[in-house]
Amino acid sequence: MSDDIFGKVGNELSENAISGMVEEELRSHKKEDASLPIIKLKLAPTAESVVDIAKRREKREKSQVSGFQSLSSSNLAKVNLVNVIKLPDTLSQTQKLKKVFRYRRYGMQMRDVPQLRRESKPLPERRKQDFGKLRRYRAQKKRLGLGLIMPAMIIFLLFSWMPIFKTFSIAFQKFQTINSAEYVGLSNFLNILSDAKFWDACLHSGILSAIVIVLGTWLPLFLALYIYEARHGSSLMKVLYFIPFLTPAVPAAILWKWMYNQGFGVINSLLSLFTPGHQVAIGWLTNPHLVLLSIAIVFIWKNTGWAILIYMAGLQNIPKNLFEDAALNGASVASKIKNIILPSLVPVIMAVVFIQIINGMQVFSEVYIMTNGGPVGSSEVIATYMYKKAFLYMDIGYASGVAVFFLFLLVTITLFRMNLSNARKAAK
Amino acid sequence: MANRKFLQDDDSRYLFPVYELKDKKNRLIYNVWGIIVAAGAIITSLPFLWMLLTAILPQGLIFAPVAKIASDFSVDLSSFKKAWELAPFGLYFFNSILVAGSVVAGQILISAMAAYSLSKLKPPMYQVIMALLLSTIMIPFETIAIPLYLFMRDFSIAGIFKLNLINTYWALILPGLANAFNIFIFKSFFDKLPNDFIEAARVDGYGETEIFFRIILPISRSIITVIAILNFVTIWNSFFWPLIVTNEPNIYTLMLGIYKIIEEGQPWNIVMAAVTISMVPTILGFIFFQKQIMRGVLFTTLQE
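What counts and what doesn't
Residues numbered from 1 in each chain as written. Chains lettered and ligands numbered in written order. Predicted model: local features only at pLDDT ≥ 70, side-chain atom pairs only at ≥ 80, totals over all residues. Heavy atoms only, no water. Helix = DSSP H or I, 4+ residues; strand = E, 2+ residues; numbered from the N terminus. Buried < 20%, exposed > 50% of the residue type's maximum accessible area, 1.4 Å probe, protein only. Contact = heavy atoms within 4.5 Å. Areas by Shrake-Rupley, 256 points an atom, 1.4 Å probe, with all protein chains shown as cover. Core = buried A, V, L, I, M, F, W, Y, C linked by side-chain atoms within 4.5 Å. Axes fitted to C-alpha atoms, helices over the stretch in contact; angles between N-to-C directions. Parallel < 35°, antiparallel > 145°, perpendicular 65-115°, else oblique. Left-handed = near helix turned anticlockwise from the far one by under 90°. Salt bridge = Lys/Arg side-chain N within 4 Å of Asp/Glu carboxyl O. Buried area = accessible area lost by both parts, 1.4 Å probe. Polar contact = N/O pair within 3.5 Å; in protein donor to acceptor, adjacent residues only side chain to side chain. Nonpolar A, V, L, I, M, F, W, Y, C, P; charged D, E, K, R; others polar. Phe/Tyr/Trp six-rings, centres within 6.5 Å; stacked < 30°, edge-to-face > 60°. Lys NZ or Arg CZ within 6 Å of the ring centre and 35° of its normal. pLDDT = per-residue confidence, 0-100. Expected span 1.5 Å × (residues − 1). Patch = residues over 30% accessible without salt bridge, like charges linked within 9 Å, V, L, I, M, F, W, Y side chains within 5 Å.

Engineer: Describe the overall build of chain B, naming the residues involved and giving the relevant values.
Structural biologist: Within chain B, the secondary structure is distributed over 16 helices and 0 strands. In chain B, which comprises 304 residues, the share counted as buried stands at 54%. Summarising the internal contacts of chain B: among those between residues at least 6 apart in sequence, 68% fall at separations of at least 24. Within the structure as shown, chain B displays about 14,200 Å² of accessible surface, and the carbon and sulfur contribution to it stands at 67%.

This is the structure in structure tokens:
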């Protein structure tokens with residue numbers, strides 16, 4: 001800005017004014033090179049003349065007599081005048097400067113010359129001890145980082161990573177007693193592959209998962225859609241559906257075992273009300289064709305509330321204006337569900353499907369307590385089969401082989417899910 | 001005024017806002033759907049009613065058909081007393097609370113420390129650690145149960161001291177501490193915390209350890225509550241691992257104790273009384289922490 005002013009008023013500058021300017025420049029730059037902004041002046045003073053001005057100024061200060069002050073002879077007036085002239089703050093920087101130059105022309109000296117530039121502070125010097133401090137700080141941070149993660153590392157090493165490797169190594173061993181094992185190569189795996197019971201268990205887990213996918217995914221969606229819209233009792237219904245999710249598996253399984261009871265269970269008893277004169281006796285847990293469905297019903301009963309919660313969170317994120325457009329075009333409820341809600345909920349539905357599959361494959365307590373794999377092994381799932389092999393028949397090597405299969409199965413499902421979600425993200 | 005509130009509520013409705021309900025067909029769909037959902041809610045809670053009913057019925061009535069129960073209904077609370085005397089429930093509750101409490105406390109401390117380290121301090125081999133932790137999430141607990149059991153039986157760290165931890169609290173607590181999922185939840189929380197918090201504390205002269213314990217932990221109180229409640233419920237409900245590592249009644253957790261009662265072949269009204277007793281903490285917990293539990297379940301699922 002200052003350069004601009006010099007450009008504009010440069011023609012009319014008197015010697016006095018120039019000296020004032022140089023003074024200011026000197027003051028604002030202090031040790032810096034005073035000649036830099038002055039180069040733009042039309043009447044550029046040479047280096048000698050700058051020195052000249054400085055000398056003249058010294059002289060003037062020594063004599064204490066200058067311009068307007070020299071006109072008035074009394075000392076009193078001199079002191080007062082210097083203090084009286086002040087620039088109003090409303091003026092812009094440029095106007096102030098112009099005024100200052102104008103007064104200078106008449107030989108008046110200004111006390112409060114606006115400073116154009118702030119005094120620049122020198123950067124703090126880099127000292128050796130500062131580097132030391134930085135290094136110490138970094139070392140402390142690194143040490144703390146390691147120290148904080150160490151307990152977790154030790155715990156995970158002992159109770160997560162080592163067991164995984166041990167599962168693989170035990171799968172190649174045969175245990176005569178629990179303390180003596182010998183290396184038998186692949187024979188465990190070969191036995192498992194030709195073990196009809198193992199494949200039955202896999203099949204049962206698969207059937208269970210299939211039922212869970214169909215009922216455990218679409219039923220909660222059906223319920224969630226209404227509960228989201230409901231005008232009355234929406235939160236009560238949500239809570240009622242959610243309580244079974246928190247119910248521990250053991251009491252739930254015992255409760256359902258009692259309800260499924262063939263002779264005296266409440267389900268058969270209630271069904272009998274609809275068939276007068278005839279006692280319904282469905283063997284929910286004793287009929288080999290029904291038992292998996294019965295277990296799946298318990299599983300779905302337990303997990304519906306959770307799925308409803310997830311779906312309702314997903315529903316909140318659908319933009320409202322889609323439905324307004326649909327309403328203007330006269331869309332029916334069914335077409336709104338089909339064309340707006342289902343496509344927007346795809347990621348949520350996928351998440352629910354996969355979590356339900358993985359949980360369904362791992363189901364243990366319900367099966368173990370309600371049927372213990374019975375009748376005649378028709379509800380044996382992978383987890384119960386593994387448990388029995390390891391802790392009932394003490395065939396630990398064989399059970400570890402089953403565990404390895406199980407691990408591969410579940411990791412495959414998880415990786416498949418990750419791939420799907422990544423592909424969907426990439427498609428967007 | 002009421003109308004205005006009604007319309008405001010309507011902002012979030014997709015299928016059945018007010019203007020759609022003026023259509024007769026839509027109103028029919030809305031009502032029928034509502035009846036089905038409400039009926040489903042009642043059916044969902046029927047098992048609990050049946051549990052209570054069986055527990056309070058006299059011995060002679062529990063095997064009767066529904067119609068007979070309705071006609072000569074009478075209350076007999078003696079089965080609760082019998083169930084309480086049948087098994088040391090006080091001990092089971094104590095064991096469950098001790099195990100779940102120590103697992104949760106340990107988990108939170110360990111996970112929060114590890115997550116803070118991974119999020120803000122970036123320890124060496126950051127990528128490797130993250131990958132290793134991520135891999136443990138995919139692994140189901142059932143597959144590592146066998147080696148863990150063997151490890152608990154001959155517990156030793158680098159062969160220095162040998163202990164048999166079967167039938168001790170340690171066997172129930174230690175494997176529960178390794179939960180990578182908590183670390184990721186904590187990490188995603190810390191990642192969102194601005195670094196300015198930490199910088200400001202540093203300027204104020206806090207040491208790095210002090211920053212963690214006096215700034216970070218108090219800030220993350222909300223997430224700690226959620227994680228604590230959810231993990232407490234999980235450990236409280238766990239059955240598979242206690243079944244493997246305990247076979248002495250004085251170490252049984254509540255779930256295992258209940259299971260042993262049914263294994264003994266007690267009459268159903270006593271079993272149901274025991275189940276009711278075991279459900280009391282869950283119901284109480286749900287009443288007190290309903291919001292946190294629902295929020296936590298949502299949060300953890302959506303994190304995955």
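Engineer: Describe in detail the overall build of chain A, supporting the description with residues and values.
Structural biologist: Helix and strand counts for chain A stand at 19 helices and 2 strands. Taken over 428 residues, chain A has a buried fraction of 47%. Excluding contacts between residues fewer than 6 apart, the proportion of contacts in chain A whose partners are at least 24 apart in sequence is 65%. Of the accessible surface of chain A, which amounts to about 23,000 Å², a share of 61% is contributed by carbon and sulfur atoms.

Engineer: Lay out the nonpolar core with the relevant residues and their values.
Structural biologist: Core analysis: the biggest nonpolar cluster contains 211 residues, and F159(A), I254(A), F89(B), Y116(B) and L133(B) have the highest contact counts within it. Not counting residues within four places of it along the chain, the set of residues in contact with F89(B) comprises A83(B), W84(B), L254(B), I258(B), I261(B), A274(B) and I277(B).

Engineer: So what's going on with the packing of helix 10 (residues 196-229) of chain A against helix 16 (residues 333-361) of chain A? Residues and values would help.
Structural biologist: Residue and element names in this part refer to chain A. Across the interface, helix 10 lies against helix 16 with an axial gap of 9 Å and an inter-helix angle of 140 degrees. With respect to each other, helix 10 and helix 16 are oriented oblique. Pair helix 10 / helix 16 crosses with right-handed handedness. Across the interface between the two elements, S205, L208, S209, V212, I213, G216, T217, W218, L221 and L225 from helix 10 touch I337, I341, L342, L345, I349, V352, V353, Q356, I357, G360 and M361 from helix 16.

Engineer: Can you lay out the pattern of salt bridges for me, pointing to particular residues and giving the numbers?
Structural biologist: All chains considered together, the criterion is met by 7 salt bridges over all chains. Here K388(A) ties to E380(A) by a salt bridge, and the two come within 3.2 Å at their closest N and O atoms. For the pair shown, K388(A) and E380(A) are each scored as buried. Measuring nitrogen to oxygen at the nearest pair gives 3.3 Å for the salt bridge that ties R202(B) to E199(B). One end of the pair, R202(B), and the other, E199(B), are both in helix 11 (residues 195-203), 3 residues apart, so they sit about a helical turn from each other. What makes E199(B) partly exposed here is its relative accessible area of 41%.

Engineer: Describe the interface of chain B and chain A, listing the residues and the values that go with them.
Structural biologist: Opposite the 104 residues of chain B that make contact, chain A presents 101 residues. Summing both partners gives a buried area of about 9,600 Å² for chain B against chain A, and 78% of it is carried by carbon and sulfur. Applying the counting criterion to the chain B and chain A interface returns 0 salt bridges. Remark: the boundary between chain B and chain A carries 14 residue pairs in polar contact (both at pLDDT 80 or more). Within the side of chain B that touches chain A, the residues separate by chemical class into 76 nonpolar, 18 polar and 10 charged.

Engineer: With reference to specific residues and values, describe the packing of aromatic side chains.
Structural biologist: All told, the structure shown has 46 aromatic pairs over all chains when counted by the stated rule. With 5.0 Å between their ring centres and 20 degrees between their planes, W258(A) and W268(B) make a pair best called stacked. Of this pair, W258(A) sits in helix 12 (residues 249-259) while W268(B) sits in helix 16 (residues 268-303), on two different chains. Residue W258(A) shares its accessibility class with W268(B), and that shared class is buried. Taken together, F364(A), Y368(A), Y387(A), F391(A), F141(B), Y149(B), F239(B), F240(B), W241(B) and Y259(B) form an aromatic cluster joined through their ring pairs. Between R231(A) and the ring centre of Y30(B), over which it is positioned, the NZ or CZ distance is 5.7 Å. Sitting over the ring of Y398(A), K389(A) keeps its end group 4.8 Å from the ring centre.

Engineer: Describe in detail the confidence of the model for chain A, supporting the description with residues and values.
Structural biologist: Residue and element names in this part refer to chain A. Here chain A averages 80 in pLDDT, and 81% of its residues register 70 or above. Every residue in residues 32-42 scores below 50 in pLDDT, and together they form 14 contacts with partners more than four places removed in sequence or on other chains. Scored below 50 in pLDDT, residues 66-84 makes 17 contacts in the model with residues more than four places away or belonging to other chains.

Engineer: Hey, could you go over helix 10 of chain A for me, with residue numbers and the actual values?
Structural biologist: Counted at 1.5 Å a residue, the expected span for helix 10 of chain A with its 34 residues is 50 Å, and the 49 Å between its end C-alpha atoms agrees. The N-cap of helix 10 of chain A, judged by a side-chain oxygen 2.9 Å from the amide nitrogen of K197(A) a few residues on, is D195(A).

Engineer: Give a description of the environment of W306(A) that names residues and reports values.
Structural biologist: Tracing the chain through its elements places W306(A) in helix 14 (residues 291-316). Overall, W306(A) belongs to the buried group, its relative accessible area being 5%. For the pair W306(A) and Y241(A), spaced 65 residues apart in sequence, the C-alpha separation works out to 8.2 Å. Ignoring sequence-local partners within four residues, the contact set of W306(A) consists of F242(A), F245(A), V352(A), I355(A), Q356(A), V297(B) and T301(B).

Engineer: Please provide a residue-by-residue account of a nonpolar patch on the surface, values included.
Structural biologist: On the surface, L270(A), L271(A), L273(A), F274(A), I42(B), I43(B), L46(B) and L49(B) cluster together into a nonpolar patch covering about 780 Å² of accessible area. Listing elements by their share of the nonpolar patch, those giving two or more residues are helix 13 (266-274) of chain A together with helix 3 (24-56) of chain B. By the secondary structure assignment, L273(A) is in helix 13.

Engineer: Can you explain the packing of helix 12 of chain A against helix 14 of chain A? Please cite residues and give values.
Structural biologist: Residue and element names in this part refer to chain A. Running from N to C, helix 12 and helix 14 point in directions that differ by 130 degrees, and their axes come no closer than 11 Å. On the basis of their axis angle, the class for helix 12 and helix 14 is oblique. In this structure, helix 12 meets helix 14 at a crossing whose hand is right-handed. Residues A249, A252 and W256 of helix 12 form the contact with helix 14, whose participating residues are I297, V298, W301 and K302. Split by residue class, the contact of helix 12 with helix 14 holds 6 nonpolar, no polar and 1 charged.

Engineer: I'd like a rundown of the side chain of H204(A), residues and numbers included.
Structural biologist: Residue and element names in this part refer to chain A. Mapping H204 onto the fold places it in helix 10. A distance of 3.5 Å separates a polar side-chain atom of H204 from the backbone oxygen of S378. Residues contacting H204, with those up to four places away along its chain left out, are L292, G377, S378, S379, E380 and V381.

Engineer: How would you explain unusual backbone geometry if you had to name every residue and give the values?
Structural biologist: If you check the backbone angles, M394(A) has positive phi at about 55 degrees while not being a glycine. When you line up the elements, M394(A) lands in the loop between helix 18 (382-392) and helix 19 (396-427). A relative accessible area of 37% places M394(A) in the partly exposed class. In the Ramachandran plot, M125(B) falls in the positive-phi region, its phi being about 60 degrees despite a non-glycine side chain. Structurally, the position occupied by M125(B) is in the loop between helix 6 (89-121) and helix 7 (126-138).

Engineer: Kindly report on the environment of G283(A), identifying the contributing residues and their values.
Structural biologist: Residue and element names in this part refer to chain A. Structurally, the position occupied by G283 is in the loop between helix 13 and helix 14. On the basis of relative accessible area, G283 is assigned to the buried category, the value being 8%. Taking the C-alpha atoms as reference points, G283 and Y260, separated by 23 residues in sequence, lie 7.6 Å from one another. In this structure, G283 is in contact with Q262 and L290, ignoring residues within four places of it in sequence.

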